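In case you want the letters, here they are:
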Amino acid sequence: MELLAVILYVYFVSFLDKPQKDAVALSPRAIEQRAKWGIENDELDYPVCQTYVDSIIHMGGKLFHTSRWMNGATYEMSEELAYRVEQLGFVTAVETTRDDSSPRYSGSPKRKIEMQPSGEITAAAVMLTDEQLNTYNLLPLHEAGFEGQGILMAICDGGFYNADQLTCFRQSELELGHFDFTDDTDGFYGITGEHGTMCLSTISAITDSYHGAATKAQYYLMRSEENDTESPKEMDNLIVALETADSLGVNVFSVSLGYAMFDNYGWDLSHRDLDGQTTRASRAATIAAQKGMLVCVAAGNEGSGTWKKISVPADADSILTVGAVNTSGTIGAFSSYGPSADGRIKPEVCAVGVQTTLINSSGSVVLRNGTSFASPLPADGVQTAGKGEANLGERT
């Protein structure tokens, strides 16, 4: 007898309520910061109901992760099981977030916020790090000793290849941990790309000829972008990264990822979906901001393409969406445009993303274009300036 293969898809299951409320999912640091800023805990701070989660596992669902802000969980399961789960009394919706669609971008780089073509660096250009920093008037703060110390940051991306081997990052001193929210099998620092490594360099790297913008800020690295597919599941991965950062008491969250088009064309977003409310990921970015985090999101590199606009979660409210300029303040032609679908100005700020000076996974100083590399810079500036202001306040 021929056995038919069971096709497994990924689903987001929404739960009815949170009947069990034991303790908020927050670290002591997060609780202390909430108290400092007068932010009260609410329903969103409690974990999802474990009984609900386990019930679906016992039915055969493979759990990837849960979301307390969206009150649901991501599972891999068959279509038949998804139908049965949808009939459960505590389930309000079951949404397919990854299927067996062929990779839309097979043979080409994944759609992180992709790098744009740029020139090779010369010996003279190495000192552009000073010019980058001076764009935000950070050099005087650095000279005064303020470089982000006491600030906790999370960098969320698709790949941090070789970041654990580059001495410019001083990981033993500054990296507090890393999290992989994907189901890729490669190791965290494996061959999933150097995009995140280069973004991290604008923040933390130091060499004899290179200086990042917030080199004394501690950080967590988080991976939410999957290497071989483009699906809404990756947006749910990003939500869990935001929630984890919130639980850890992260001050600044930088993400250079954006979503609008997927392997399954039926999931593609339209410009009218960029209202900060349509997608869970954009709502989560807004919640993170309301919980006290500064969320910096790359605007995207579609300005000279057919899409033109920002993507998700750059459409979120109360965050900083970051476009790309050169060190003279001229906008990059590739930098994506706003406004959001509900008329809010996007991007809110711009930073150096045209000929940005970076360090790649080989440890070489290079020039690259992209709002990905602009996005961390305002975050760095806020960290450094904020710490300087706080210290000055303590002295007076």
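Bear in mind that the values here come from a model prediction, so they are computed numbers and not experimental data.

Caption draft 1: Just the pattern of salt bridges, in detail. Within the structure shown, the criterion is met by 17 salt bridges. Of the charged contacts in the structure, one is a salt bridge between D42 and K291, with a shortest N-O distance of 2.8 Å. Separated by 249 residues along the polypeptide, D42 in the loop between α1 (28-37) and α2 (50-59) and K291 in the loop between α9 (280-290) and β9 (294-298) bring together distant segments of the chain. For D42, a relative accessible area of 33% corresponds to the partly exposed category. The salt bridge involving E80 is made with R84; its shortest N-O contact spans 2.8 Å. Taken together, the positions of E80 and R84, both in helix α3 (residues 79-86) and 4 residues apart, correspond to about one turn of that helix. By sharing partners, the salt bridges in this structure join R34, D42, D45, R68, D246 and K291 into a single network.

Caption draft 2: Broad picture of α2. Considered for burial, the residues of α2 that qualify are Y52, V53 and I56. The buried residues of α2 occupy an angular sector of 100° when the element is viewed end-on, so they sit on one face. Among the structural elements, β1 (8-15), β2 (62-67), β3 (72-78) and α3 are those in contact with the buried residues of α2. The positive-phi residue at the C-terminal boundary of α2 is G60, with phi of around 120°.

Caption draft 3: Quick peek at the side chain of S372. Topologically, S372 is positioned in helix α10 (residues 371-374). The buried category is assigned to S372, whose relative accessible area is 0%. Polar side-chain contacts of S372 include one of 2.9 Å to the side chain of H195.

Caption draft 4: Region of the structure containing the sheet that holds strand β11 (residues 349-352). Reading across from one edge, β6-β7-β5-β8-β9-β10-β11 is the order of the 7 strands in this open sheet, with parallel pairing throughout. Edge positions in the sheet fall to β6 (175-180) and β11, since each of these pairs with one other strand and no more. Going across the sheet, the axis of each strand differs from the next one's by a mean of 25°, ignoring polarity. Examined bridge by bridge, strand β8 (residues 252-255) and β9 share 4 bridges and lie parallel to one another. Bridging across to β9, F253 finds its partner in V295. Strand contacts of helix α7 (residues 195-204): β5 (152-157) and β7 (218-223), with the helix running at about 155° to β5, the strand carrying the most contacts.

Quick notes on the rules
- Residues numbered from 1 in each chain as written.
- Predicted model: local features only at pLDDT ≥ 70, side-chain atom pairs only at ≥ 80, totals over all residues.
- Heavy atoms only, no water.
- Salt bridge = Lys/Arg side-chain N within 4 Å of Asp/Glu carboxyl O.
- Helix = DSSP H or I, 4+ residues; strand = E, 2+ residues; numbered from the N terminus.
- Buried < 20%, exposed > 50% of the residue type's maximum accessible area, 1.4 Å probe, protein only.
- Arc of directions from axis to C-beta.
- Contact = heavy atoms within 4.5 Å.
- Polar contact = N/O pair within 3.5 Å; in protein donor to acceptor, adjacent residues only side chain to side chain.
- Pairing = 2+ DSSP bridges.
- Axes fitted to C-alpha atoms, helices over the stretch in contact; angles between N-to-C directions.

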